[in-house]
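Remarks on the overall topology
In case you want the letters, here they are:
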Amino acid sequence: MNREDLRNILAFTASITTIFQSLAGTLVCLKIVQKKSTGDLSGLPFISGFLAASSWLGYGFLIGDPTLIFVNTVGTALNFSYASLFCFFSIKKTVVLRQFVGSVFGIITLLLYLVNGFSTEISIKYVGFLSCALTIMFFAAPLTSLMYIIRVKSADSLPFPIILMTFIVTIQWFFYGALLHDYFIQIPNILGCLLSGFQLFLFWIYSKSSAVTYTPVQNL
């Protein structure tokens, strides 16, 4: 198998798993709809997911990569829908809506400036750096409730489906970036793999802890 074949395989599999990662958000949204409340969940993963996908969509157009364009078109649309639903069911509607609308306006304005205000080569670098920063923020977003998780010794507030799919997806995109020799793709995905791996570790730790505390009760 040559390098080009491997790249095409990774492009296909990474596209499929990334779309499934984006669709994992529907599981979180279903819980929100059932409860008719966002509860302890943070809307940051959805908002940062929208920002990251939008930025990578711009980057994909700049470098002419159809894989990035397709995947992030889907990701942008889905995360926009998730964030909108989160705003609708949020207790703090005004605050969340203001953050979301400000984020949408901000990312569109910034991308238009970066794409049209510089030469293509410089625009690629600026949008690449922006995409890296927003992607790392997306991967780290569930950790905003880290102190709460440690205090209550429960990882229930973390969106497990999204985190698990993030772990799988980041591994694939890292190798895809390596084949393209694109550090803008490699760096955020290796960091995302580590961050999502740490969050999965929290699930394992606290589920194990829950099992230990539950066993004596079960034997009574």
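None of the values given here were measured: they were computed from a predicted structure. (Residues numbered from 1 in each chain as written. Predicted model: local features only at pLDDT ≥ 70, side-chain atom pairs only at ≥ 80, totals over all residues. Heavy atoms only, no water.)

Ranked by size, the top nonpolar core spans 43 residues in total, and within it Phe-46, Phe-100, Ile-107 and Trp-173 carry the most contacts. When residues of this core are traced back to their parent elements, those giving at least two are α1 (3–23), α2 (25–35), α3 (44–63), α4 (66–89), α5 (93–116), α6 (120–140), α8 (160–180) and α9 (183–219). Sequence-distant contacts of Trp-173, defined by excluding residues within four places in its chain, comprise Ala-14, Ser-15, Thr-18, Thr-67, Leu-68, Val-71, Ile-185 and Asn-189. Counting residues in hydrophobic clusters, the runner-up holds eight residues, among them Ile-149, Ala-155, Ile-163 and Leu-202. (Core = buried A, V, L, I, M, F, W, Y, C linked by side-chain atoms within 4.5 Å. Buried < 20%, exposed > 50% of the residue type's maximum accessible area, 1.4 Å probe, protein only. Helix = DSSP H or I, 4+ residues; strand = E, 2+ residues; numbered from the N terminus. Contact = heavy atoms within 4.5 Å.)

Among the surface-exposed residues, Tyr-183, Ile-187, Ile-190, Leu-191 and Leu-194 lie close enough to one another that they form a single nonpolar patch of about 500 Å² accessible area. One can find Leu-191 in helix α9. Among the residues examined, Leu-191 registers a relative accessible area of 34% and is labelled partly exposed. (Patch = residues over 30% accessible without salt bridge, like charges linked within 9 Å, V, L, I, M, F, W, Y side chains within 5 Å. Areas by Shrake-Rupley, 256 points an atom, 1.4 Å probe, with all protein chains shown as cover. Salt bridge = Lys/Arg side-chain N within 4 Å of Asp/Glu carboxyl O.)

In an α-helix, one turn spans 3.6 residues; hence positions three or four apart end up facing the same way. Here α4 is 24 residues long and its end C-alpha atoms lie 35 Å apart, about the 34 Å a rise of 1.5 Å per residue gives. Its side-chain oxygen placed 2.9 Å from the backbone nitrogen of Thr-67, Asp-65 serves as the N-cap of α4. (Expected span 1.5 Å × (residues − 1). Polar contact = N/O pair within 3.5 Å; in protein donor to acceptor, adjacent residues only side chain to side chain.)

Before going further, it helps to examine the environment of Leu-130. Within the fold, Leu-130 resides in helix α6. When the C-alpha atoms of Leu-130 and Thr-38 are compared, they prove to be 29 Å apart, with 92 residues separating the residues in sequence. When sequence neighbours within four positions are dropped, the list of residues in contact with Leu-130 reads Ser-55, Ile-107, Leu-110, Leu-111 and Leu-114.

What follows concerns α2. Along α2, the positions that sit buried rather than exposed are Gly-25, Val-28, Cys-29 and Ile-32. The arc that holds every buried residue of α2, seen down its axis, measures 95°, which confines them to one face. Opposite the buried face of α2, at more than 90 degrees from it, the exposed residues are Lys-31 and Gln-34. Buried residues along α2 sit against α1, α3, α4 and α8. (Arc of directions from axis to C-beta.)

Considering the arrangement of structural elements, one finds Ser-22 in helix α1. Ser-22 has contacts with Gly-75, Leu-78 and Tyr-82, leaving out every residue within four places of it along the chain.

This part covers the environment of Met-165. Relative to the helices and strands, Met-165 is located in helix α8. We classify Met-165 as buried; its relative accessible area is 17%. The spatial distance from the C-alpha of Met-165 to the C-alpha of Thr-13 is 13 Å, given a sequence separation of 152 residues.

So, to be careful, I would describe these as geometric facts and stop short of saying anything about function.
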